[in-house]
Every structure is written in C-alpha cells, then in structure tokens.
Amino acid sequence: MTDSIKLTIYRRDPDLDTAPKYQTYEIQPEPGQTVLMALYHILENVDKSLAFRASCRSAVCGSCGMHINGKNRLACETQLAPLGNEICIEPLPHLPVLKDLVVDMSSFWRKYEKVRPYLITLKEPPASGKERLQSIPDRKKIDDFIDCILCACCHSACTLDAWSDGYLGPAVLAKAYRFVADTRDEGGAERLKLVGSEEGVLRCHTIFNCTEECPKRIPITFGIQEMKKKVVWGKLTGKM
Amino acid sequence: MRLITRERYIGRGLGMWAFWLHRLTGLAIALYLLMHIVVISSVVGGAKNFDAAMTFLKAPLFILLEMGLIAAILIHGLNGLRIVLFDLGYGVKKQKEIFIGAMIIAVVPLVIAFAIALPHIIG
C-alpha cells in the first residue's frame, strides 16, 4: 500500500465572509491519480463544501487552472505522484477568489473581448462554399498559438498584469497574435492598433513567467514580441 | 460580496531572476551616481578637501563596494542588451541561454577587476 498524502487546500467561504484558511485532507493516492481526481475524491467522500472548477478532465477546456505547489497548472493533467507527499492547492494568483479554488474571471474575459478574438475577413467567402484555404507553411505559423485553452495560467502568473489593472495580459495578447499571424485574417491592422498601446504589448517586460507557466507550452512572449516589432515599425513608418 | 485577491504569484523561472536583478542593479547604479556627485562636489571645498575625500575612499570597504558597482553595471548592461535583442525580435525563444551567456560574459571582467583590486583590499 502506498503512503497517504496530505493535500492542503485554500478555503474561503464568501457567505461567512471570514479570512481565508488552509485545510488539510489526507488521502490514499491511487496509481496515476491526478490532482483533479483527488479533489473529486474529497468532494464526494470527505467534504461536500469544497468548490473548484472543472469540466473536460483532459486538458482541453481550461477550467481547472490552479496554483499547485507554487506553479500554475491544470489540475486534470497534473499527477499526484511527482508532487511528493505534501501538496498545496491554491486558486490562481492575483485573481479575486469567489469560493475556495474558484476565481472571478470576469476581468479576464472583458480584456479578452477587447482584441476581437475571432476571424475578421473583408473578402467574399470562396465561391466553392467551403473553408478559406491556407498553405501548410502558413498554417505552421499559428501552430503553437491555436493551442490556447484560455485557462488563465499565464494571465495570473504575469507580474505586469498583477501590477497594472489595465494591462491586457499574456493570454489575451497571445490570442491577438493568433489572428495577426493568421494569413486568412484581415483585421491585423485594426488588432495591432488595439494592442499597440501602453496597456497592450508595450507593457510586456519580457519576464517570461507566462511562457514558463503555460500548460500547452505556447511561446507567448514570442508572440507578444512579434507584435511589438510590428507596432513599433508601424509607428516609425507612419503606417499606424 | 467582498472578494479577496490571493497573494501574488512568485515566479521562479530564470526570466524572473533576470527581471529582479535588472531592477535591483538599476537602483544600485542610480544610488551610486548620487553618491558619486556628493563625493565629486567635495572639490568645491578646495584641493585639500578633495584629497581628503579621495584618501577616505581608499579604504578596503569602498574598494569592495566598487567591485559591487562593477558587478551591477555588468549585469545591468549585459541584461539590458538581452532585452534590446528581444525588442528587436531576436532570441526570444532562447532567453534562458542568452541570460546564462550574458552572466558568464559578466564574470570575466569582474574576475580581472578583482585580481587588480585584491592587493588594495588586503592592503
């Protein structure tokens, strides 16, 4: 039998309006068990008041972003075994906590909407009535960035985001880059105007916390720097 | 309903270290410039006054502090070049390697400076 492990979980009940506390649960881990499975185990068998967000259990939906042992990760794809016998689970940093591990993402979504996160086209759709085609090398350019699942792991790891309420943040800028780099998209100039401000790409201090924490290993800072380059050249040549 | 924001994220990546080193060395260099102005302005009180200030600054403690200054300038300057590279769009995906490289380059002049200063520190 394997040793039991201690899960220390950040707890806060908004109805009681008391200070947050840490509660420790002891569980018997099973082989291959993930942090999310352990949370479900606690919810079903130990403490029915525990709140957390989760949905797909396969690192696709981006709901279960949490701060686990000092790192932002997806609970569903993080296994217990490599984390040791004592595991600390906290909500994503510097986002307002609604209850326990559930954070208020509304500011994140408000910023997300600002960059118009959808394909903007001016040309008529192809006469065939099918999809807009793209060459393989062109598609390769956005390979990394289409993987974003909007879990906010990068967003809540960003130092500049913590310091400045208005900063769009890495996830939002990565989404903007996903369309700026897409050859089918024609809203590039407009989008660069949106992100080419003090609260956009120019606020990035290249600390790379976002790139470190991204569960999908997207080179977020690379995308931000590419847009920074485009914005600066656009302003220098008077095109923006 | 009152919302509580949890404590800030504490970055442990190399980029975070580079960022804090850059900030702290920048502040140290700014502080040095202030002290430098104070020391140089002692010349207003005449040549003797200035000589006295210079003799005072030959104490081993100040030579050690000067080594710190050289280290701060090397770290700040070389990491500054690293940041400029990123802003020009180069090496963003190799940021860790570039930081380690910059710090290795910083060590060479620092060791030379120490070798020169050591007799003055020991006396």
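Criteria and cut-off values
Residues numbered from 1 in each chain as written. Chains lettered and ligands numbered in written order. Predicted model: local features only at pLDDT ≥ 70, side-chain atom pairs only at ≥ 80, totals over all residues. Heavy atoms only, no water. Helix = DSSP H or I, 4+ residues; strand = E, 2+ residues; numbered from the N terminus. Rg over C-alpha atoms; globule rule 2.2 N^0.38 Å. Buried < 20%, exposed > 50% of the residue type's maximum accessible area, 1.4 Å probe, protein only. Contact = heavy atoms within 4.5 Å. Areas by Shrake-Rupley, 256 points an atom, 1.4 Å probe, with all protein chains shown as cover. Patch = residues over 30% accessible without salt bridge, like charges linked within 9 Å, V, L, I, M, F, W, Y side chains within 5 Å. Salt bridge = Lys/Arg side-chain N within 4 Å of Asp/Glu carboxyl O. Pairing = 2+ DSSP bridges. Axes fitted to C-alpha atoms, helices over the stretch in contact; angles between N-to-C directions. Buried area = accessible area lost by both parts, 1.4 Å probe. Polar contact = N/O pair within 3.5 Å; in protein donor to acceptor, adjacent residues only side chain to side chain. Nonpolar A, V, L, I, M, F, W, Y, C, P; charged D, E, K, R; others polar. Core = buried A, V, L, I, M, F, W, Y, C linked by side-chain atoms within 4.5 Å. Domains from an automatic or database assignment. Disulfide = S-S within 2.5 Å.

1. A look at the overall build of chain B
A tally of regular secondary structure across chain B gives four helices and one strand. In chain B, the succession of helices and strands from N to C terminus is β-α-α-α-α. In terms of C-alpha radius of gyration, chain B reaches 20 Å, well past the compact-globule figure of 14 Å for 123 residues. Looking at the 123 residues of chain B, the share that counts as buried comes to 29%. For chain B, restricting intrachain contacts to residue pairs at least 6 apart in sequence, the fraction spanning at least 24 positions comes to 69%. Accessible surface for chain B amounts to roughly 8,200 Å². Of this, 77% is attributable to carbon and sulfur atoms.

2. Quick look at a nonpolar patch on the surface
Taken together, the side chains of A:Trp163, B:Trp20, B:Leu24 and B:Leu27 make up a nonpolar region of the molecular surface, amounting to roughly 440 Å² of accessible area. Considering the arrangement of structural elements, one finds B:Trp20 in helix 1 (residues 14-40).

3. A short note on the sheet that holds strand 2 (residues 21-27) of chain A
All names here are of chain A. Overall, mixed pairing links the five strands, which are arranged 2-1-5-3-4 in an open sheet. Either end of the sheet is taken by a strand with one partner, and the two such strands are strand 2 and strand 4 (71-74). Direction aside, the axes of adjacent strands within the sheet are offset by 35° on average.

4. Some words on the environment of B:Gly15
Mapping B:Gly15 onto the fold places it in helix 1. With 105 residues separating them along the chain, B:Gly15 and B:His120 place their C-alpha atoms 36 Å apart. Apart from the residues within four sequence positions on either side, B:Gly15 is in contact with A:Ile207, B:Arg82 and B:Gln95.

5. Some details on the interface of chain B and chain A
If you look at the interface, chain B gives 28 residues, while chain A gives 39 residues. Carbon and sulfur atoms make up 59% of the area that chain B and chain A hide from each other, which totals about 2,700 Å². Along the contact surface separating chain B from chain A lie two salt bridges. Across the pair B:Asp87 and A:Lys228 runs a salt bridge whose closest N-O atoms are separated by 3.4 Å. Summed over the shared surface of chain B and chain A, the number is six residue pairs in polar contact (both at pLDDT 80 or more). When residues of the side of chain B that touches chain A are traced back to their parent elements, those giving at least two are strand 1 (4-5), helix 1, helix 3 (60-87) and helix 4 (95-122) of chain B. Top element by residues in the side of chain B that touches chain A is helix 1 of chain B. It accounts for six residues. Partitioned by chemical class, the residues of the side of chain B that touches chain A number 12 nonpolar, six polar and 10 charged.

6. What about unusual backbone geometry?
All names here are of chain A. At Asp100, a position not held by glycine, the phi torsion is positive, near 45°. Tracing the backbone shows Asp100 in the loop between strand 6 (96-99) and strand 7 (102-103). One non-glycine residue, Thr206, adopts positive backbone phi at about 45°. With respect to the element layout, Thr206 can be found in the loop between helix 6 (188-195) and helix 7 (209-213). Since its relative accessible area comes to 5%, Thr206 is described here as buried.

7. Observations regarding the nonpolar core
Membership of the largest hydrophobic core comes to 68 residues, with the highest contact counts inside it found for A:Leu7, A:Ile9, A:Leu39, A:Met66, A:Ile89, A:Val195 and A:Met227. Here this core gets seven residues from one element, more than from any other, and that element is helix 5 (residues 170-180) of chain A. Per-domain counts for this core show at least three residues from each of domain 1 (5-103) and domain 2 (106-236) of chain A. Apart from residues no more than four positions distant in its own chain, A:Ile9 is found in contact with A:Lys21, A:Tyr22, A:Gln23, A:Tyr25, A:Leu39, A:Ile42, A:Leu50, A:Ile89 and A:Leu101. Counting eight residues, the second largest nonpolar core, distinct from the first, contains B:Leu74, B:Leu78, B:Phe99 and B:Ala106.

8. Comments concerning the environment of A:Asp15
Tracing the sequence through the fold places A:Asp15 in the loop between strand 1 (5-11) and strand 2. Spatially, the C-alpha atoms of A:Asp15 and A:Ser106 are 20 Å apart, while their sequence positions differ by 91 residues.

9. A few points about the pattern of salt bridges
Residues and elements named next belong to chain A. Taken as a whole and judged by the stated rule, the model has 18 salt bridges over all chains. Between Glu213 and Lys71 there is a salt bridge, with the nearest N and O atoms lying 2.9 Å from each other. Within this pair, whereas Glu213 is found in helix 7, its partner Lys71 is found in strand 4, the two being separated by 142 residues in sequence. Here Lys71 falls in the partly exposed class, since its relative accessible area comes to 30%. As a salt-bridge pair, Asp185 and Arg191 come within 2.7 Å of each other at their nearest N and O atoms. Owing to a relative accessible area of 9%, Asp185 belongs among the buried residues under this scheme. According to the relative accessible area criterion, Arg191 is buried, its value standing at 1%. Via salt bridges that share partners, Arg11, Asp47, Lys99 and Asp100 belong to a single interconnected network.

10. Some details on the state of the cysteines
Residue and element names in this part refer to chain A. Enumeration over the complete set of coordinates arrives at zero disulfides over all chains. With no disulfide of its own, Cys88 has Cys153 as its nearest cysteine by sulfur position, at a separation of 15 Å. Counting only cysteine sulfurs, Cys154 is the nearest neighbor of Cys214, a cysteine outside any disulfide, at a range of 6.4 Å.

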